[in-house]
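Chain by chain, the residues run as shown.
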Amino acid sequence: MARPKIENDLPKAKINAYSLKKAWQLFSYGKNHRWKFYIGLLFLLLTSGTALAFPKLIGLLVDCAKNKDLVQANYLSLMLVGILILQSVFSFFRLSLFINFTENTLANIRLALYSNLIKLPMTFFSQKRVGELNSRLSSDIAQIQDTLTTTIAEFLRQFILIIGGVVFLAVISIKLTLMMLSIVPLVAVAAVIFGRFIRKYSKKTQDTIAESQVIVEETLQGISNVKAFANEWYEIARYSAKIKEIVKIAIKGGQYRGYFASFIILCLFGSIVAVVWFGVTLIISGDMKDVGQLISFVLYSIFVGASFGGIAELYAQIQKAIGATERVFELLDEQPENINSIQKQQTQKLKGEVEFKNVAFSYPSRKEIQVLDNVSFSAGFGQKVALVGPSGAGKSTISSLLLRFYDIDSGEILIDGKNIFDYELEDLRGNMSIVPQDVILFGGSIRENIAYGKPDATEEEIFLAAKQANALNFINGFPEKFETLVGERGIKLSGGQRQRIAIARALLKNPAILILDEATSSLDSESEKLVQEALEILMEGRTSIIIAHRLSTIRKADKILVLDKGTIIEEGTHNELLEIENGLYKNLSSLQFSNS
Ligand code: ATP
C-alpha cells in the first residue's frame, strides 16, 4: 500500500446501519460522476465472474493431456486466452472509472471542507490545533481515496470469489470441500492476524525512528542554542540513546518476521499438501474423477484461501474509512460564521466611531476565567486610542472582540452607534484592518501580498501604497522588485520590512478602523523610524486602536486606556496619566524610561 503509515494511525469505526448511512452520503459528493462508479461495479462483477471460470478451464485443459485430445486442448487454451483478454479489458475500465469517480468526488469533498473550515468562527480554531486538523484531514481523505478506488472493489471481488469458489468446489467434491474449509480459511486468517501483529511492531519501529528524527530536526533548527549552551555532547547522548532503542525494537521485529516466514512456509504450503493428498486418496478410491478436477480444486482452494485472508484486512480498511468519513462529516457539519456564499462586491462604508459599553468576556475554551470585566470606552472618528497594560491584561482580546471573532458575555460593542452583531460580517470586517505584531506573509510575490488588502487593486494603487508605507526603497532593492517571492519558499524579509508590507496592505484596503498591534521586539532605530512614519500616514483620517508596548510611541495618542487584569483602571492623555500619583501608567512609564 502506498500510505501504510497513515492508515495504521487511523482509528476504526463500528460498522452499523447508522455509520453506513452516513458513509453513503459520501457518494452524494460524487454528483454527476456517480454513474462511473456504478459502471465500474458492473465491470468488477464481470472480472470476478470470469476469474471464477479460470480454474475450471485449467482443470479441463489438464484432462486433455490424459485423453490426448489436441483439438479440445487448443479450443480450451483459446478460451483461456480470451478470458484473460476480457479480464484485462474489464480491469482497465473498472480501475479507470473508479479513479475518475474518486478523484472528482474527493475534489468536491476537499472544496466543501475547505470552504466550511475557513468560514468557521475563531472559537473553533482556538479549541483545535491547526496542524493536527490539517494532518487529520489529509490522512482521512487519503483513507477515503484508497477505499473508493480499491478497497470496496477488492472487498466485493473477494466476496464473490469466496461464494463462487465454494460453490464450484462443492460441485467437484463435497467431502474435499469440507476438508479444505476446515483448514485453509483458518490458516489464512491466522496468517492475517499474525501479519497485523508484525505490522504493528514495525509501526513501533517507525515511531521511534520519527522520534529520533525530531531530535535531529529540533537541534539543527535550534543549532545556535545548542552551540551557545555547548550542549553538543548532551544532544549526541540523547540521539545515541534513541538509536539504541531503534535497534532493539527493530531486531525484535525482525525475529517476529522470521517466525512469520516459517509459519507461512509450514502451514500455508502444508495445507496445500494436505488438500492435494486428500484429493489423491479420493481419486484412488474413485470418489473424484481425475487429475484435472483435482487441479481445478486446488486452484479454487487457493482462491478461497487468499480471499479469506484478504477480506479480513479489507474489512478493517473499510472500518477505518467509515471512521474517516464520520470525522470529515463532523467538520462539514460545524456551523460556519455567517459569511455570504457569494463574494460581496461592495461593502457598506462606515465612519468608524467605536464604543465599548460594560463589556464582559471570557474565552469559550476557558469559561471560568473572566478576561474582560466591565470594559467601557469610546473612540471617536479619527481618534487614536492606545491600550496599554501588563502582559495578559486583555489588550489583544479587545481587538479580537472588535473584529467580532467571539461572542461577548454581556455589554455592547457599537460601531457608528450600531451593535456590531447587527452588521453583516463582511461590512464589519471589510471596514477594518489590522497590522499585527508578527506579520505573516503568504507564499507569493510582494505585489500579491500587498494586494491582499484589495485584490482588484491597480498597479498605481499598489505602487502608491508601497511608497506611502516606506516600502518602495527596499522593494526596489530586490532584482525582481514587486515580483520578488516572499514567504516560506521565497526571500526572508526583516520584521520592519514585513510590517511595512502589512501597512501597505492596510493602506490599500483604506479601512475606517485600524487596529495596530505594536511589535514587541524592537526594530532597529532606522527601521523603527520608517515604520513609525508609515504608521502616521496610515492612521490619518481613521479611527485607530493601538495596542502599545512601548509607551514612547503613544505620547501623542488622543486617549490612553490602562488595562489591568481585564479592567480599565486609568484613562486619559499621556500627560494626564503621568499626573496620577502611584498610577500604573506612571510606573510603567518610569520603568521604560529608566530602561531605555
Ligand atoms: P500581551 O501584551 O502579552 O499580548 P494582552 O494584554 O494582549 O497580552 P490577551 O492576549 O488579550 O492579553 O490575553 C488576556 C488573557 O486571555 C490572558 O490571560 C490569556 O491567557 C487569555 N487568552 C488569550 N487568548 C486566549 C484564547 N484564545 N483562549 C483562551 N484564553 C485566551
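Here is what the cut-offs are and how they apply
- Residues numbered from 1 in each chain as written.
- Predicted model: local features only at pLDDT ≥ 70, side-chain atom pairs only at ≥ 80, totals over all residues.
- Heavy atoms only, no water.
- Patch = residues over 30% accessible without salt bridge, like charges linked within 9 Å, V, L, I, M, F, W, Y side chains within 5 Å.
- Areas by Shrake-Rupley, 256 points an atom, 1.4 Å probe, with all protein chains shown as cover.
- Salt bridge = Lys/Arg side-chain N within 4 Å of Asp/Glu carboxyl O.
- Helix = DSSP H or I, 4+ residues; strand = E, 2+ residues; numbered from the N terminus.
- Near = heavy atom within 4 Å.
- Polar contact = N/O pair within 3.5 Å; in protein donor to acceptor, adjacent residues only side chain to side chain.
- Nonpolar A, V, L, I, M, F, W, Y, C, P; charged D, E, K, R; others polar.
- Buried < 20%, exposed > 50% of the residue type's maximum accessible area, 1.4 Å probe, protein only.
- Pairing = 2+ DSSP bridges.
- Phe/Tyr/Trp six-rings, centres within 6.5 Å; stacked < 30°, edge-to-face > 60°.
- Lys NZ or Arg CZ within 6 Å of the ring centre and 35° of its normal.

Colleague: I would appreciate a short explanation of a nonpolar patch on the surface in the present structure.
Modeller: A cluster of nonpolar side chains, contributed by I265, L268, F269, I272, V276, V280, I284 and I302, occupies part of the molecular surface with about 680 Å² of accessible area. Among the elements that take part in the nonpolar patch, helix α9 (residues 232-285) stands out by supplying 7 residues, more than any other. Note on placement: I302 falls in helix α10 (residues 291-333).

Colleague: In this structure, what is going on with the site of the ligand? I would like to understand it.
Modeller: Taken together, 15 residues lie around the ligand, and S391, G392, K395, S396 and T397 are the ones closest in. Here G392 contributes a backbone N or O atom positioned 2.8 Å from an oxygen atom of the ligand. Contact between the ligand and G394: an oxygen atom at 2.9 Å from a main-chain N or O atom of the residue. Here the ligand has 640 Å² of accessible area as a free molecule, and 70% of this is covered by the chains. When residues of the shell around the ligand are assigned to their parent elements, the largest contribution, 3 residues, is made by helix α11 (residues 395-402). Across the shell around the ligand, the residue classes tally to 5 nonpolar, 8 polar and 2 charged.

Colleague: Would you mind showing me how to read the pattern of salt bridges here?
Modeller: Oppositely charged side chains can form a pair if their charged atoms are brought close together. If you walk through the whole model with that rule in mind, you get 17 salt bridges. E235 is paired through a salt bridge with R238; the nearest N and O atoms lie 2.9 Å apart. Note that E235 and R238 are positioned in helix α9 at a spacing of 3 residues, about one turn of the helix. Residue class for E235 comes out buried when judged on its relative accessible area of 15%. Notably, a salt bridge pairs K351 with E353, separated by 3.1 Å at the nearest N-O pair. One network of salt bridges, with partners in common, ties together E211, K242 and E245.

Colleague: Explain the pairing of strand β3 (residues 384-388) to me, please; I cannot follow it from the model alone.
Modeller: The buried fraction of β3 amounts to 4 of the 5 residues, a majority that puts the element mostly inside the structure. Examined bridge by bridge, β3 and strand β10 (residues 543-547) share 4 bridges and lie parallel to one another. Of the residues in β10, the one forming a bridge with V385 is I545. Direction of pairing for β3 relative to strand β11 (residues 559-564): parallel, over a ladder of 4 bridges. Looking at the pairing, A386 lines up with I560 of β11.

Colleague: It is not clear to me how the packing of aromatic side chains should be interpreted in this structure. Could you clarify?
Modeller: Note on aromatic pairs: each is described by the distance of the centres and the angle between the planes. Under the criterion given, the structure shown has 25 aromatic pairs. Aromatic side chains F27 and F101 sit 5.6 Å apart centroid to centroid with 25° between the ring planes, which places their arrangement in the stacked category. Of this pair, F27 sits in the loop between α2 (17-24) and α3 (34-67) while F101 is found in helix α4 (residues 70-118), placing the two residues 74 residues apart along the sequence. Note on F101: relative accessible area 0%, which makes it buried. Put simply, the rings of W24, F27, F37, Y38, F98 and F101 pair up and form one aromatic cluster. Looking at K418, its charged tip hangs above the ring of Y423, at a distance of 4.5 Å from the centre.

Colleague: What is the right way to look at the pairing of strand β4 (residues 410-415) in this model?
Modeller: Residues in a regular strand project their side chains so that they alternate between the two faces of the sheet. Looking at chain direction, strand β1 (residues 354-361) and β4 are connected through 5 bridges and run antiparallel. Counterpart to V354 in the pairing with β4 is I415. With 2 bridges connecting them, β4 and strand β5 (residues 418-419) associate as antiparallel partners. Counted as the bridge partner of I415 is K418 from β5. Here β4 hands over to β5 after 2 residues, with D416 in that stretch at a positive phi of 50°.

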